[in-house]
Amino acid sequence: EAGVAQSPRYKIIEKRQSVAFWCNPISGHATLYWYQQILGQGPKLLIQFQNNGVVDDSQLPKDRFSAERLKGVDSTLKIQPAKLEDSAVYLCASSLEPLKTQYFGPGTRLLVL
Amino acid sequence: AQRVTQPEKLLSVFKGAPVELKCNYSYSGSPELFWYVQYSRQRLQLLLRHISRESIKGFTADLNKGETSFHLKKPFAQEEDSAMYYCALKGQGAQKLVFGQGTRLTINP
């Protein structure tokens, strides 16, 4: 089975610019997660979707971050405007159901200069 | 609050030696604990979960509620065990995973 796909794999932008990341979960997986992993730290959940509804976005900096999963399949995560401290790897994961095993994508490495 | 602590950022052992990666957690209820692994140039993947009580690639982990620990152990390390290991917690009835900072394990030949 195909795994979680993410693009782009790498992105370099200047501060105050905008950036968007895309995630395609494993087919049939209803639950989708976006994590932020800063260098030297473990992944931190930003937002969780169940189909196209948000379950948990308590750690999403909503003044600059937004995410959507309009048709309950693919998802995009946007940062506008980016700050230096947003430099991180952004991981997408999906699971069949909320309490089932999460499968991770390869991540998008973002560098904000 | 839920918290996972992995006290060692780096751990280096020789091939054939025993390995123990430490994980301590803070949670007032009954948590579910996991170990995730990321090999070089590969994705983060689930290694094992405490409710399964199984050994994966020779690794085992026992949940010790008294010490609030979930240490990962392997009696004889192999070079292919070199990777980044993350301990993670899910609260009772919760859906969110909380990760520790990770331990980079290096197995020396």
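Scroll up to find the structure.
This one's a predicted model, so the numbers in the text were calculated from it and none came from an experiment.

Participant: Would you explain the interface of chain A and chain B in this entry?
Facilitator: By a frequent convention, interface size equals the accessible area lost on bringing the separate parts together. With 23 residues of chain A at the contact, the number on the chain B side is 15 residues. Summed over both partners, the interface of chain A with chain B comes to about 1,500 Å²; 48% of that surface belongs to carbon and sulfur atoms. Counting the contacts that link chain A with chain B gives 0 salt bridges. At the boundary of chain A with chain B, the tally comes to 4 residue pairs in polar contact (both at pLDDT 80 or more). Sorting the residues of the side of chain A that touches chain B by element identifies strand E4 (31–37), strand E5 (44–50) and strand E6 (53–56) of chain A as the ones contributing at least two each. For the side of chain A that touches chain B, the residue count by class is 10 nonpolar, 11 polar and 2 charged.

Participant: Before we go on, may I ask you to explain the packing of aromatic side chains in this structure?
Facilitator: Where two aromatic rings form a pair, the distance of their centres and the angle of their planes describe that pair. Applying the stated criterion to the full structure yields 11 aromatic pairs over all chains. An angle of 85 degrees between the planes, with centres 5.8 Å apart, marks the rings of Phe 104 of chain A and Tyr 36 of chain B as edge-to-face. Of this pair, Phe 104 of chain A sits in strand E10 (residues 103–104) while Tyr 36 of chain B is found in strand E5 (residues 32–38), placing the two residues in two different chains. A centroid spacing of 6.3 Å and a plane angle of 75 degrees characterise the contact between Phe 104 of chain A and Phe 99 of chain B, whose relative ring orientation is edge-to-face.

Participant: Quick question: what am I supposed to make of the pairing of strand E9 (residues 83–90) of chain B here?
Facilitator: Residue and element names in this part refer to chain B. The element E9 is largely enclosed, with a buried count of 8 among its 8 residues. Burial along E9 is two-sided: Ala 83, Tyr 85, Cys 87 and Leu 89 facing one way and Met 84, Tyr 86, Ala 88 and Lys 90 facing the other are all buried. Relative to E9, E5 runs antiparallel, the two being bridged by 7 bridges. Paired with Glu 32 across the strands is Lys 90, a residue of E9. Note: E9 against strand E11 (residues 103–108), 3 bridges, orientation antiparallel. Considered in E11, the bridge of Tyr 85 is made with Thr 103. With 3 bridges connecting them, E9 and strand E10 (residues 97–99) associate as antiparallel partners. Each residue of the ladder has a partner; that of Ala 88, found in E10, is Phe 99. Here E9 folds back onto E10, and the loop between the two strands holds 6 residues, one of which, Gly 93, carries a positive phi near 75 degrees.

Cut-offs used in this document
- Residues numbered from 1 in each chain as written.
- Chains lettered and ligands numbered in written order.
- Predicted model: local features only at pLDDT ≥ 70, side-chain atom pairs only at ≥ 80, totals over all residues.
- Heavy atoms only, no water.
- Contact = heavy atoms within 4.5 Å.
- Buried area = accessible area lost by both parts, 1.4 Å probe.
- Salt bridge = Lys/Arg side-chain N within 4 Å of Asp/Glu carboxyl O.
- Polar contact = N/O pair within 3.5 Å; in protein donor to acceptor, adjacent residues only side chain to side chain.
- Helix = DSSP H or I, 4+ residues; strand = E, 2+ residues; numbered from the N terminus.
- Nonpolar A, V, L, I, M, F, W, Y, C, P; charged D, E, K, R; others polar.
- Phe/Tyr/Trp six-rings, centres within 6.5 Å; stacked < 30°, edge-to-face > 60°.
- Buried < 20%, exposed > 50% of the residue type's maximum accessible area, 1.4 Å probe, protein only.
- Pairing = 2+ DSSP bridges.

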